[in-house]
Amino acid sequence: MSYRQIVDKVNSVGVIDWDRRLFDELIPLPGGTSYNSYLITGSKASALIDTVEKDFADDLLRNLEELGVDSLDYVIANHAEQDHSGSLPEVLRAFPETEIITSVKGKNMLTDLLNIKSKRISTVEEGREISLGDKTLKFLETPWVHWPETMVTYLEEDEVLFSCDFFGSHLATSDLFVRDEAEVYRAAKRYYAQIMMPFRRIISKNLDKIKEIQPAIIAPSHGPVYQDPEFILEAYEEWVNGPVKPEVVVPYISMHGSTEELVDYFVDRLIQNDIRVKPFNLREVELGQLAMALVDAAAVVIGSPTVLTGPHPQVSYAATLANALRPKTKFASIIGSCGWGGNLVDDILGSLNKLEVEVFDPVLSKGRGDEGNFAEVDRLVEDINKALADL
Ligand code: FEO
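Here the structure is a predicted model, which is why all the values come from computation and not from measurement.

J.: So what exactly am I meant to see when it comes to the sheet that holds strand 16 (residues 217-220) here?
T.: Strand pairing in a sheet relies on backbone hydrogen bonds. The paired strands run either parallel or antiparallel. Taken together, the five strands give an open sheet; going across it, the order is 12-13-14-15-16, and neighbouring strands pair in mixed fashion. Strands with a single pairing partner mark the edges of an open sheet, and in this sheet they are strand 12 (129-131) and strand 16. Adjacent strand axes in the sheet meet at a mean angle of 20°, parallel and antiparallel pairs treated alike. Pairing geometry for strand 15 (residues 160-164) and strand 16, over four bridges, is parallel. Opposite Leu161, over in strand 16, you have Ile218 as the bridge partner. Across the sheet, helix 6 (residues 200-213) touches strand 13 (136-141), strand 14 (151-155) and strand 15, and the angle it forms with strand 13 is around 155°.

Take a look at the structure:
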């Protein structure tokens, strides 16, 4: 893919990764992704904003060559993670005079992760500016979007914010700018759920900082560029600071049908009470879908049989994931079954220890649920109904 213009003398020179389906060997990417890199050509100096995954270094260098770049003054490393920094060594080799600009923490990370010599790296702190002649870059510290060293770069004259992971979306698309808002909203929400949600509180402060700037354009390092930043700023406001929605997420799995029977009854009763519910059978669910559902839901109820005294391993995985993602969820409970006994409830609740939730009494059956167990499900539905009504 070749370069494309964002505004005058600012070009997108990154790559689209149409085929990638997993990030960090963990995060599903059903829509592929892109590694956006931007070249700013000032009247006196030039700067490359972030690079691309190492495997695509040649594509990045080819784009620069097509633009006629034969010297490069700065590479701005907003974030040290390798999908943005991986090609730095190749860029430094191609342009021996280039200086890397990054945050103080970023410098340590780049030397650790990529063995880049520290003499090639200069650091900037909050509010520092660099002049490229007729264009000025201002650096703002935005920790934890997505690592502790992350910063963003603001091109003052053109009011373009280069936000790296912040506001990004894992979406391979030929659209340079957002064209299909519904598609980008879904991809950006998935991205937020999987990558940003654990840092929600500090992201709220970073979001305020970005709103103060009022950028005309937000150019992230994944997914399309926002010519209408309000679209993504409002979405982040809703995801980060908005109230939970009266929805119940039900990740579950069943071995011999006992748990499933109770979960099915629970889901039906919620529907009868006009409560929005999203069941996810963990036998085949794509965990990105579950993560997205957790962004807004007020309650999560986990369904599991007992395996070797504890939860089914698929449930343990989902609970660990939910705990790590730290959603806004306010209420939780468990619907489970066992053959003879075990520590199902304590084990699951132990896995959810970072969530600030009120836990409703669980429902546990021995084998297939009896009348008393189904009555307990009715009670749980009532508990949830009351709690959601008070939101
Ligand atoms: Fe796109 Fe945290 O890297």
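J.: Would you mind showing me how to read the sheet that holds strand 7 (residues 38-41) here?
T.: Overall, mixed pairing links the seven strands, which are arranged 1-2-7-8-9-10-11 in an open sheet. Since the sheet does not close on itself, it has two edges, and those belong to strand 1 (4-7) and strand 11 (121-123), each with one partner. Direction aside, the axes of adjacent strands within the sheet are offset by 25° on average. Where strand 10 (residues 99-102) lies against strand 11, three bridges are found, and the strand directions are parallel. The residue of strand 11 that forms the bridge with Ile100 is Ile121.

J.: What is the right way to read the domain arrangement of the protein from this model?
T.: Accessible area lost upon the coming together of the parts is a frequently used measure of interface size. What the domain assignment lists for the protein is domain 1 (4-241) and domain 2 (245-389). Placing a centre on the C-alpha atoms of domain 1 and another on those of domain 2 gives a separation of 38 Å. On the side of domain 2, 16 residues touch domain 1, which itself brings 16 residues to the contact. Note on domain 1 versus domain 2: buried area summed over both sides is about 1300 Å², and carbon and sulfur give 57% of it. When the buried area of domain 1 at its contact with domain 2 is split by residue, Lys189, Arg190 and Met197 rank highest and sum to 36% of it. If you look at where domain 1 meets domain 2, you find four salt bridges. One salt bridge in this structure joins Lys245 and Glu238, with 3.4 Å as the shortest N-O distance. At the surface where domain 1 touches domain 2, the tally comes to six residue pairs in polar contact (both at pLDDT 80 or more).

J.: Even after reading the chapter, I still don't get the pairing of strand 21 (residues 331-338), so can you show me in this structure?
T.: A regular strand places its side chains so that they alternate between the two faces of the sheet. Among the eight residues that make up strand 21, eight are buried, leaving the element largely enclosed by the rest of the structure. Side chains of strand 21 alternate between two faces, with Phe331, Ser333, Ile335 and Ser337 and Ala332, Ile334, Gly336 and Cys338 buried alike. Of the strand pairs in this sheet, strand 19 (residues 297-307) and strand 21 are connected by seven bridges, and their pairing is parallel. When the bridges of strand 21 are listed, Val300 appears paired with Ala332. Direction of pairing for strand 21 relative to strand 22 (residues 358-359): parallel, over a ladder of two bridges. Within the sheet, the bridge partner assigned to Phe331 lies in strand 22 and is Glu358. When strand 21 meets strand 23 (residues 363-366), the two strands line up parallel, connected through four bridges. Note that in strand 23 the partner of Ile335 across the bridge is Val363.

J.: Looking at this structure, I do not really get helix 4 (residues 104-114). What am I missing?
T.: For an α-helix, 3.6 residues make a turn, and residues three or four places apart therefore share a direction. Regarding helix 4, the residues found buried are Gly106, Met109, Leu110 and Leu114. For helix 4, the angular spread of buried residues about the axis comes to 100°, placing them on one side. Facing away from the buried surface of helix 4 by more than 90 degrees, the exposed residues are Lys105 and Asp112. The inward-facing, buried residues of helix 4 abut helix 2 (82-85), helix 3 (88-94), strand 10 and strand 11. Phi for Asn115, located one or two positions after helix 4, is positive at around 55°.

J.: Mind showing me how you'd approach the pattern of salt bridges here?
T.: Pairing between side chains becomes possible if they bear opposite charge and their charged atoms approach one another. Under the definition given, this model contains 19 salt bridges. With its nearest N and O atoms 2.5 Å apart, the salt bridge here joins Asp296 to Lys189. Of this pair, Asp296 sits in the loop between helix 9 (287-294) and strand 19 while Lys189 sits in helix 5 (residues 181-196); the two residues are 107 residues apart in sequence, bridging distant segments of the chain. You'll find Asp296 and Lys189 in the same group, each marked buried. Several salt bridges share partner residues, and in doing so they unite Lys54, Glu90 and Arg93 into one network.

J.: Help me out: how do you make sense of the packing of aromatic side chains in this one?
T.: We describe a pair of aromatic rings using the distance from one ring centre to the other and the angle between the two ring planes. The tally for this structure, following the rule as stated, stands at 13 aromatic pairs. Aromatic pair Tyr38 and Phe162: ring centres 5.1 Å apart, planes at 50°, arrangement tilted. A residue pair is termed long-range when its members are at least 10 positions apart, and Tyr38 in strand 7 and Phe162 in strand 15 qualify at 124 residues. The class for Tyr38 is buried, based on a relative accessible area of 1%. Of the residues examined, Phe162 reaches a relative accessible area of 0% and is grouped as buried.

Rules of the game
- Residues numbered from 1 in each chain as written.
- Predicted model: local features only at pLDDT ≥ 70, side-chain atom pairs only at ≥ 80, totals over all residues.
- Heavy atoms only, no water.
- Pairing = 2+ DSSP bridges.
- Helix = DSSP H or I, 4+ residues; strand = E, 2+ residues; numbered from the N terminus.
- Axes fitted to C-alpha atoms, helices over the stretch in contact; angles between N-to-C directions.
- Contact = heavy atoms within 4.5 Å.
- Domains from an automatic or database assignment.
- Buried area = accessible area lost by both parts, 1.4 Å probe.
- Salt bridge = Lys/Arg side-chain N within 4 Å of Asp/Glu carboxyl O.
- Polar contact = N/O pair within 3.5 Å; in protein donor to acceptor, adjacent residues only side chain to side chain.
- Buried < 20%, exposed > 50% of the residue type's maximum accessible area, 1.4 Å probe, protein only.
- Arc of directions from axis to C-beta.
- Phe/Tyr/Trp six-rings, centres within 6.5 Å; stacked < 30°, edge-to-face > 60°.

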